[in-house]
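Results of the structural survey
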Amino acid sequence: MQEKTQLLDEAAIARAIKRISHEIIERNKGTDDLVLVGIKTRGMPLAKRIQTNIEQIENVKVETGELDISLYRDDLSNKDSVDEATVNQTNIQQDISGKKIILVDDVLFTGRTVRAAMDAIIDIGRPESVQLAVLIDRGHRELPIRADYVGKNIPTSKDEVIKVQLVESDEMDQVSIFE
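Computed from a prediction, not measured in an experiment: that's the story for all the values here.

Thresholds, definitions, all that
Residues numbered from 1 in each chain as written. Predicted model: local features only at pLDDT ≥ 70, side-chain atom pairs only at ≥ 80, totals over all residues. Heavy atoms only, no water. UniProt positions renumbered as here; feature names shortened; annotations may be inferred. Helix = DSSP H or I, 4+ residues; strand = E, 2+ residues; numbered from the N terminus. Expected span 1.5 Å × (residues − 1). Buried < 20%, exposed > 50% of the residue type's maximum accessible area, 1.4 Å probe, protein only. Arc of directions from axis to C-beta. Contact = heavy atoms within 4.5 Å. Pairing = 2+ DSSP bridges. Axes fitted to C-alpha atoms, helices over the stretch in contact; angles between N-to-C directions. Salt bridge = Lys/Arg side-chain N within 4 Å of Asp/Glu carboxyl O.

**A few points about the UniProt feature "short sequence motif: PRPP-binding" (unreviewed entry) in the protein chain**
Under the UniProt annotation, the feature "short sequence motif: PRPP-binding" (unreviewed entry) is placed at residues 101–113. Along residues 101–113 one finds 15% helix and 62% strand; the C-alpha atoms at either end are 16 Å apart.

In C-alpha cells form, the structure reads like this:
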C-alpha cells in the first residue's frame with residue numbers, strides 16, 4: 001500500500017476533537033450522566049482527549065471506560081478458531097445503567113465494529129442512550145448505523161484504507177489515506 005495523501009495533521013485532529021467535545025456538551029445539555037467509552041484500540045485515546053476538552057470547557061471530569069469488542073465481532077466464524085481472536089480486557093468501572101454512553105472510535109466504515117460495541121455495552125448494563133463519536137466517517141455502511149459526532153467525513157473507495165495514527169500508540173497524530 002502506498003500513501004495517497006495526508007488528510008489531517010496534529011492541529012486538524014485537535015480541532016476536530018475540540019468541536020466534537022463542544023457538540024457532545026450541547027446535544028446533551030451539559031455533562032450529567034455522560035460516560036465516554038473508547039473502543040479499543042484508538043477509540044480510548046480519543047475518548048481521553050474528549051474527556052480533557054470537556055473538563056476544560058465545563059470544569060467537570062466525565063467518566064471514561066474502555067471497551068473490547070473482540071468476542072462480539074461477527075467475523076469470528078470466518079476464522080479457523082475463536083482462539084485466534086485477540087481477547088483484551090474491557091475496563092468500565094462505573095455502572096452504565098441509566099447513563100448516556102458516548103461510544104468513541106477512530107474510523108466508521110461498515111458499521112460492524114459499532115454494532116459489536118453496542119452488543120458489548122448492552123451485556124454490561126442498560127444505558128439511557130448510546131451515541132457515537134468518530135474522528136473519521138468514510139462511508140460504505142453495511143448496517144444502518146450513523147455517527148452522532150463526526151470529526152471529518154472522508155468519502156473513499158472500498159480499495160482505499162484510512163490510517164489513523166495517534167501519539168498515544170503511534171508517536172504522531174496524523175490521518176492518511178492509502179491505496
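On we go from here.
**Thoughts on helix 3 (residues 112–124)**
For helix 3, with 13 residues, the first-to-last C-alpha span of 19 Å sits near the 18 Å given by 1.5 Å per residue. For helix 3, the complete set of buried residues consists of Val114, Ala116, Ala117, Ala120 and Ile121. All buried residues of helix 3 lie within an arc of 160° about the axis, which places them on one face of the element. The exposed residues of helix 3 that point more than 90 degrees off its buried face are Ile122 and Asp123. On the buried face of helix 3, the contacting elements are strand 2 (34–39), strand 3 (63–67), strand 4 (100–108) and strand 5 (129–137).

**Structural notes on the sheet that holds strand 8 (residues 174–178)**
Taken together, the three strands give an open sheet; going across it, the order is 1-8-7, and neighbouring strands pair in antiparallel fashion. In this open sheet, the two strands that pair with only one neighbour each are strand 1 (3–8) and strand 7 (161–165). Each adjacent strand pair in this sheet contributes to an overall mean axis angle of 25°, direction not counted. Pairing of strand 1 with strand 8 involves four bridges; the strand directions are antiparallel. Along strand 8, the bridge assignment pairs threonine 5 with isoleucine 177.

**Thoughts on helix 2 (residues 43–58)**
Given a rise of 1.5 Å per residue, 16 residues ought to cover 22 Å, and the 22 Å separating the end C-alpha atoms of helix 2 matches this to within 8%. For helix 2, every residue scored as buried is listed here: Gly43, Met44, Pro45, Leu46, Ala47, Arg49, Ile50, Gln51, Asn53 and Ile54. Check the buried side of helix 2 and you find it contacts helix 1 (10–27), strand 2, strand 3, strand 4, strand 5 and helix 4 (167–170). In the stretch just after helix 2, asparagine 59 is the one whose phi turns positive, near 60°.

**Focus on the pattern of salt bridges**
For the coordinates displayed, the defined rule picks out 11 salt bridges. Notably, a salt bridge pairs arginine 42 with aspartate 170, separated by 2.9 Å at the nearest N-O pair. Residue arginine 42 is found in the loop between strand 2 and helix 2, and its partner aspartate 170 is found in helix 4; the two are separated by 128 residues along the sequence. Residue classification places arginine 42 among the partly exposed positions, given a relative accessible area of 23%. We classify aspartate 170 as partly exposed; its relative accessible area is 23%. Counted as one network, the salt bridges with shared partners bring together Lys4, Glu160 and Glu179.

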